[in-house]
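# Breakdown of the fold
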Amino acid sequence: MDELLLTNARVLDGLGGAIDRATVRLAGGRVAEVSPEASAAPGPGLGTIDLSGKTLMPALVDAHVHLSSYEALPPLLRGEEPRADAVHYFELANSARNLVRMGILTVRDVGSMDDHALHLRQAIRLDLGPGPRILTCARIISATSPGCRIFTTMYRPADGADEVRKATREQLAMGADFVKIMATGARSVVLKDPEPAQLAREEVRTVVEEAHRLGKRVAAHAEGSGGTRISVEEGVDTIEHGLSLHRTPELLDLMAERGQTLVPTLSTFHDVSEDHAEKYPCTRVEQAKRQREEAYKTLTAAREAGVRIAMGFDSYPLGENARELMRMVAGGLTPMQGIIAATSGAAAALGLENVGKIQAAAVADLLVVDGDPLADPCVLQDPNSINLVLQAGSTVSAV
Ligand SMILES: [Zn+2]
């Protein structure tokens, strides 16, 4: 029943294993079997795809995206027709299609305007168009701060233990898959210094306690050491950005010991310091240059400490997420370590045990690329190299 045989593939299993020539059998939307040899003749009626010369690997998992932050479209010029709010829904659908087309089949949305990630997740579940598996935090829980005036509906302001507990419950009531907090301020906000902790220890502890009791994970936006320390020590599951961690090796050791994940988001520092510098005030650009250096130092320090690393693009346009993988490799990860971070590593950070790997029982979210991503990871961001995308074992028609 809906079985498919993928033969003669070079297989990267997402866990660090590479097989030169293998046959992978899919059944019921999952991987049924991986055999390290060329297959015998397939049985009658069994679909077969010969992948000679190609690489089969798990579809990519991105642990840090913003599905709607209104940055993908070019800015409105004076005199241009005002854009209706509804246009943003088409923009969302377009992003979802681009992600699928590039083999990014799981994304964790860590903050969108106007609950757009929740709406897009529902539309995809209703099969209204192609799209990846979406995990969303609904709104980000933030202390009352200048960032609330800028990020408006992306945030849920909350102060004090009782209020953050209620805010946590509100997000879960909305259908959040996990909870996101602003442990420090955001680097782009002029009125903010991202160095000190922004939430009190008691507030972070309360969110973690509340979410974990209900079986949900917590992600913390953490730039400076103060908020990063509180987040790690209070048991936050994923540290977003975490650029200051190279200054506190004891926290990296603690993360490795407890299985907490770093999502380095190198691309966002490139955005503010160079790629999109014209959109930011000079002080933010200069700060981002310093932060970019710190982020790269933390990447290698985390690798040395044995901390799990997950790919998180935190940039745009969506679909070009593998650029973050390239940057992690340029920053010192081996291509295999980069691929693990973009597949099983990110999936583990999200709590998805059957995603991001090619082994029996794993969800058959798969990517076929021309060439060898270990020799040249660039192939993962070249649309011409993406040969085939399988979502739960079925060929994606959006390609
Ligand atoms: Zn972000």
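Everything that follows concerns the structure shown earlier in this document.
This structure is a prediction, so every number in the text was calculated from the model and none was measured.

### Describing the nonpolar core
- Leu 67, Ile 181 and Leu 380 are the most contacted members of the largest nonpolar core, which has 74 residues in total.
- Apart from the residues lying within four places of it in its own chain, the contact partners of Leu 67 are Leu 92, Leu 99, Val 107, Asp 109, Ser 112, Ala 117, Leu 120, Ile 134 and Leu 318.
- The next biggest cluster of nonpolar side chains, apart from the first, holds 25 residues, and it includes Met 113, Met 182, Ala 219 and Val 363.

### Description of the environment of Thr 343
- When you line up the elements, Thr 343 lands in the loop between α11 (335–341) and α12 (344–350).
- For the pair Thr 343 and Leu 299, spaced 44 residues apart in sequence, the C-alpha to C-alpha distance is 17 Å.
- The residues touching Thr 343, leaving out its near neighbours within four places in the chain, are Gly 14, Met 57, Pro 58, Ala 59, Leu 60, Val 61 and Gly 356.

### Structural notes on the coordination of the zinc ion
- Only His 64 (NE2), His 66 (NE2) and Asp 314 (OD) from the protein reach the zinc ion as donors, at distances of 2.0 to 2.4 Å.
- One chain supplies every donor for the zinc ion, spaced along it as H-x1-H-x247-D. With His 64 in strand β6 (residues 60–65) and Asp 314 in the loop between β15 (308–309) and α10 (322–330), the pair connects residues that are 250 residues apart, well separated along the chain.
- Take His 64: its relative accessible area is 0%, and that puts it in the buried class.

### Re the side chain of Glu 234
- Residue placement: Glu 234 occurs in the loop between α6 (225–233) and β13 (238–241).
- At a separation of 2.8 Å, a polar atom in the side chain of Glu 234 contacts the side chain of Arg 201.
- Side chain to side chain, Glu 234 and Arg 205 meet in a polar contact 3.0 Å long.

### What to know about the environment of Val 100
- By secondary structure assignment, the location of Val 100 is in helix α1 (residues 87–101).
- For Val 100, a relative accessible area of 0% gives the class buried.
- Beyond its immediate chain neighbours, meaning those up to four positions away, Val 100 contacts Leu 105, Pro 130, Gly 131, Pro 132, Val 389 and Val 396.

About the thresholds
- Residues numbered from 1 in each chain as written.
- Predicted model: local features only at pLDDT ≥ 70, side-chain atom pairs only at ≥ 80, totals over all residues.
- Heavy atoms only, no water.
- Core = buried A, V, L, I, M, F, W, Y, C linked by side-chain atoms within 4.5 Å.
- Buried < 20%, exposed > 50% of the residue type's maximum accessible area, 1.4 Å probe, protein only.
- Contact = heavy atoms within 4.5 Å.
- Helix = DSSP H or I, 4+ residues; strand = E, 2+ residues; numbered from the N terminus.
- Donors = N, O, S within 2.8 Å, 3.2 Å for Na, K, Ca; no water.
- Polar contact = N/O pair within 3.5 Å; in protein donor to acceptor, adjacent residues only side chain to side chain.

That is the geometry; function is a separate question.
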